[in-house]
Amino acid sequence: MEIKTIDVLDLKVSYSDMGNGKNILILHGWGASHESWLEVQKDLAERGFRVIVPDLPGFGSSEEPKSPWGLKDYSEFVHEFSRVTGLDKFALAGHSFGGRVAIDYSVRYPKDFRYLVLISAAGIVRHKKAKINGILAFTKAGGFMFSLPILSFTRPIVEKVWYKISGLHDYPRASKMMKAIMQRVLNEELRSHLPNILMPTLILWGEKDLATPLSDGIIIHENVPTSYLHVFKGMPHAINLKNPHGVAEKMAEFLA
């Protein structure tokens, strides 16, 4: 594996590059980096693929965006990254937040790539928008409440439980810029994009996924015309970590 650094949209971006053969570009989830895909990357490289995994801006060793990006900005980044690195007619895979970006990107730049793999992808908001706004409002109010001496000692315990329940466990650790970005992208509904995804699409999901439930995967499958759904029995959200060889195997079968 080779770690490289390039300039994309005036940002220093790191990415891992491994293997030779057909190109696969993988977009990691929120709070992750290329390291979370190392085992999948190794497996696919051994199967005859070249696999590129960038640290998306604001994650890993890549610089943060200089303004609060939305999905359109991340899609533009992927488009420019593929141009700068010389990728042509590649397969695109995205996990969770990376899947959210991949859905948006596939509608904006469908001629860039040939195959799409969505892995526990985010983007089906349904009734979550009000919940998310409420969570973020509570977070701001909580900052004031926990500044009071009588409550300050309970803050670590309450915050741990609160963010676990809300599913926003990455939020308190994020910088001010990444919090602003998180608030933007979480409220972007992508269901209307799905019928416009016309390339062959593989959907991989964990049966026990609590962050993006399997029902989201079924909605995506039902709305993407040429899609195939595979469910990993008993697996959680991070199937790339819990079952990397299974994920690599299904991707390789699909792309073969």
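In this text, all values refer to a predicted model and were calculated from it rather than measured experimentally. Here the residue index of a chain counts from 1 through its sequence in written order. Reporting of local features is limited, given that this is a predicted model, to residues whose pLDDT is at least 70; pairs of side-chain atoms are given and counted only at 80 or more, and all residues count toward the totals for whole chains, interfaces and linings. Side-chain measures here rest on the full set of heavy atoms in the structure, leaving out hydrogens and waters.

A. Fine view of the overall build of the chain. Helix numbers and strand numbers start at the N terminus; a helix is a DSSP run of H or I with at least 4 residues, a strand a run of E with at least 2. If you tally the helices and strands in the chain, you get ten helices and eight strands. Considering only intrachain contacts with a sequence separation of at least 6, the fraction spanning at least 24 residues in the chain is 74%. A 1.4 Å probe and the Shrake-Rupley method give the accessible areas. Residues count as covered only by the protein chains that appear here. Accessible surface computed for the chain: about 12000 Å², of which carbon and sulfur atoms make up 55%. Should any heavy atoms of two residues lie within 4.5 Å, those residues are counted as being in contact.

B. Structural context of the sheet that holds strand β2 (residues 11-18). Two strands pair under a simple rule: DSSP has to find at least two bridges between them. Across the sheet, which stays open at both edges, the eight strands sit in the order β1-β2-β4-β3-β5-β6-β7-β8 with mixed pairing between neighbours. This sheet does not close on itself; its edge strands, each paired only once, are β1 (2-8) and β8 (227-232). Neighbour-to-neighbour, the strand axes of this sheet turn through a mean angle of 20 degrees, independent of strand direction. Angles here are taken between N-to-C directions and fall from 0 to 180 degrees, while the axes themselves are lines fitted to C-alpha atoms, restricted in helices to the stretch in contact. Helix α1 (residues 38-46) rests against β2, β3 (22-27) and β4 (49-54) of the sheet, and its axis sits at about 160 degrees to β4. Along the sheet face, helix α8 (residues 214-223) touches β6 (113-119), β7 (201-206) and β8 and points at about 165 degrees away from the line of β7.

C. Geometry of the nonpolar core. Put simply, a nonpolar core is a bunch of buried Ala, Val, Leu, Ile, Met, Phe, Trp, Tyr and Cys residues held in one set by side-chain atoms that sit within 4.5 Å of each other. Each residue is placed in one exposure class: buried if its accessible area under a 1.4 Å probe, protein chains only, is under 20% of its type's maximum, exposed if it is over 50%, and partly exposed if it falls in between. Membership of the largest hydrophobic core comes to 46 residues, with the highest contact counts inside it found for Leu 25, Tyr 74, Phe 81, Leu 92, Phe 97 and Ile 220. Those residues in contact with Phe 81 that lie beyond four places of it in its chain are Ile 6, Val 8, Val 13, Tyr 15, Leu 25, Ile 52 and Pro 54. If you look at the next biggest cluster of nonpolar residues, it comprises 23 residues, including Ala 91, Ala 93, Leu 202 and Phe 254.

D. Seen up close, α1. Of all the residues in α1, the buried ones are Val 40, Gln 41, Asp 43, Leu 44 and Ala 45. At the exit of α1 stands Gly 48, carrying a positive phi of roughly 100 degrees.

E. How the structure looks around the pairing of β7. β7 sits mainly inside the fold: six of its six residues count as buried. Pairing of β6 with β7 involves four bridges; the strand directions are parallel. Its bridge partner being in β7, Leu 116 is matched across the sheet by Thr 201. Strand direction decides the pairing type here: β7 and β8, joined by six bridges, are parallel.

F. Looking closely at the layout of surface pockets. The volume enclosed by the second largest pocket comes to roughly 150 Å³. A 1.4 Å probe that fits but cannot get out identifies a cavity on a 1 Å grid over protein atoms alone, an open set with protein on both sides within 12 Å along at least five of seven lines counts as a pocket, and a residue lines either if it has an atom within 4 Å of a point. As for the second largest pocket, its lining consists of ten residues, and the residues nearest its centre are Trp 30, Gly 31, Phe 59, Arg 173 and Ala 174. Side-chain classes are defined by residue name, with Ala, Val, Leu, Ile, Met, Phe, Trp, Tyr, Cys and Pro counting as nonpolar, Asp, Glu, Lys and Arg as charged, and the others, Gly among them, as polar. Split by residue class, the lining of the second largest pocket holds four nonpolar, three polar and three charged. Grid points are joined across faces, edges and corners, and a volume is the space filled by probe spheres set on the points.

G. Fine view of the packing of helix α2 (residues 71-84) against helix α3 (residues 97-108). Viewed as axis vectors pointing N to C, α2 and α3 meet at an angle of 75 degrees, and their least axial separation amounts to 9 Å. If you check the angle between α2 and α3, you find them roughly perpendicular. Contacts between α2 and α3 involve Leu 71, Lys 72, Tyr 74, Ser 75, Val 78, His 79 and Ser 82 from the first element and Phe 97, Arg 100, Val 101, Asp 104, Tyr 105 and Arg 108 from the second. For the contact of α2 with α3, the residue count by class is six nonpolar, three polar and four charged. An angle counts as roughly parallel when it lies under 35 degrees, as roughly antiparallel when it exceeds 145, as roughly perpendicular when it falls between 65 and 115, and as oblique in every other case.

H. Focus on the side chain of Ser 36. Of note, Ser 36 is situated in the loop between β3 and α1. According to the relative accessible area criterion, Ser 36 is buried, its value standing at 16%.

I. Structural detail: the packing of aromatic side chains. Paired rings are identified among Phe, Tyr and Trp, the last through its six-membered ring, by centres lying within 6.5 Å, and are further divided according to the angle between planes into stacked (under 30 degrees), edge-to-face (over 60) and tilted (the rest). Scanning all chains against the criterion turns up 13 aromatic pairs. Residues Trp 69 and Tyr 74 carry aromatic rings whose centres are separated by 4.9 Å and whose planes lie at 80 degrees to one another, so their mutual orientation is edge-to-face. Aromatic rings pair up to connect Tyr 15, Trp 30, Phe 59, Trp 69, Tyr 74, Phe 77, Phe 81 and Phe 97 into one cluster.

J. A positive patch on the surface, seen in detail. A cluster of basic residues, Lys 22, Lys 89, Lys 111 and Arg 114, forms a positive patch on the protein surface. Structurally, Lys 89 can be placed in the loop between α2 and β5 (90-95). Patch definition: residues with relative accessible area over 30% and no salt bridge; like charges joined within 9 Å; nonpolar side chains (Val, Leu, Ile, Met, Phe, Trp, Tyr) joined within 5 Å. For this analysis, a salt bridge means a side-chain nitrogen from Lys or Arg found within 4 Å of a carboxyl oxygen belonging to Asp or Glu. Asp and Glu are treated as the negative residues and Lys and Arg as the positive ones, with His and the ends of the chain left uncounted. The atom standing in for a charge is NZ when the residue is Lys, CZ when it is Arg, CG when it is Asp and CD when it is Glu.

K. Geometry of unusual backbone geometry. For Leu 9, which is not a glycine, the phi torsion comes out positive at approximately 55 degrees. Mapped onto the secondary structure, Leu 9 falls in the loop between β1 and β2. Even without a glycine there, the phi angle at Asp 10 is positive, about 65 degrees. Examined against the element boundaries, Asp 10 turns out to sit in the loop between β1 and β2. Using a relative accessible area of 69% as the deciding quantity, one classes Asp 10 as exposed.

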